[in-house]
Amino acid sequence: IVIGDRVYASSSSGGVYAVDKATGLVRWQVPFWDAAQPSNTGNVGGISTDSKNIFVSVADLGTYAIDLDGNVVWRVGARAGGEPAAPVLFRDTLIYSLANGGMFIADRKTGETLEWFQPGDGVSAAPTVTGDGRLFVMSNRGILYAFDLD
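Rules used throughout
- Residues numbered from 1 in each chain as written.
- Predicted model: local features only at pLDDT ≥ 70, side-chain atom pairs only at ≥ 80, totals over all residues.
- Heavy atoms only, no water.
- Salt bridge = Lys/Arg side-chain N within 4 Å of Asp/Glu carboxyl O.
- Buried < 20%, exposed > 50% of the residue type's maximum accessible area, 1.4 Å probe, protein only.
- Helix = DSSP H or I, 4+ residues; strand = E, 2+ residues; numbered from the N terminus.
- Pairing = 2+ DSSP bridges.

Novice: Could you clarify how one ought to interpret the pattern of salt bridges in this entry?
Specialist: Close approach of charged atoms allows side chains with opposite charge to pair. Scanning the model with the defined rule gives six salt bridges in all. One salt bridge in this structure joins R27 and D20, with 3.2 Å as the shortest N-O distance. Judged by relative accessible area, which is 41%, R27 ranks as partly exposed. Residue D20 is classed as buried on the basis of its relative accessible area, which comes to 10%. D50 is the salt-bridge partner of R108, the closest N and O atoms lying 3.7 Å from each other. Taken together, the residues span a long stretch of sequence, with R108 in the loop between β11 (102-107) and β12 (113-117) and D50 in the loop between β5 (44-49) and β6 (53-58) at a distance of 58 residues. For D50, a relative accessible area of 21% gives the class partly exposed.

Novice: Quick question: what am I supposed to make of the sheet that holds strand β15 (residues 144-148) here?
Specialist: The strands making up a sheet associate through hydrogen bonds between their backbones, and the pairing can be parallel or antiparallel. Pairing within the open sheet is antiparallel, and its three strands lie in the order β13-β14-β15. Of all the strands in the sheet, just β13 (128-129) and β15 have a single pairing partner and so form its edges. The pairing of β13 with strand β14 (residues 134-138) spans two bridges and is antiparallel. Within β14, the position partnered with V129 by the bridge is L135.

Right, dumping it as structure tokens:
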């Protein structure tokens, strides 16, 4: 993601980074890991942005909103949630999925869960939202689900 003079990127081995677009220097890093957790803890899914915050889900640690200066705005835990997919923004919501935890629709300003969907075997796929408010997501069992967000 490029915003202004910064490039924002995620890395499973290091968290989320802000890099100076011109020089390549790391301006800040938000690391994610927990030494007491299994080896997949801290694996970072893709990132998304509303140009004010960076949103990221991290395996078994939670979903975060990070401002453009590297400060954590909010965090929602995800104990045993599993591997994350890239979060998706739609209007005032953040939609994210976790391999074991299912799919969540949250208030993107607070992280509060508004809706939760668990098809029984988790959701590893990133949700897809169409311009007219339709949400599609594939379960780990290979079943495509469709929802109307309006």
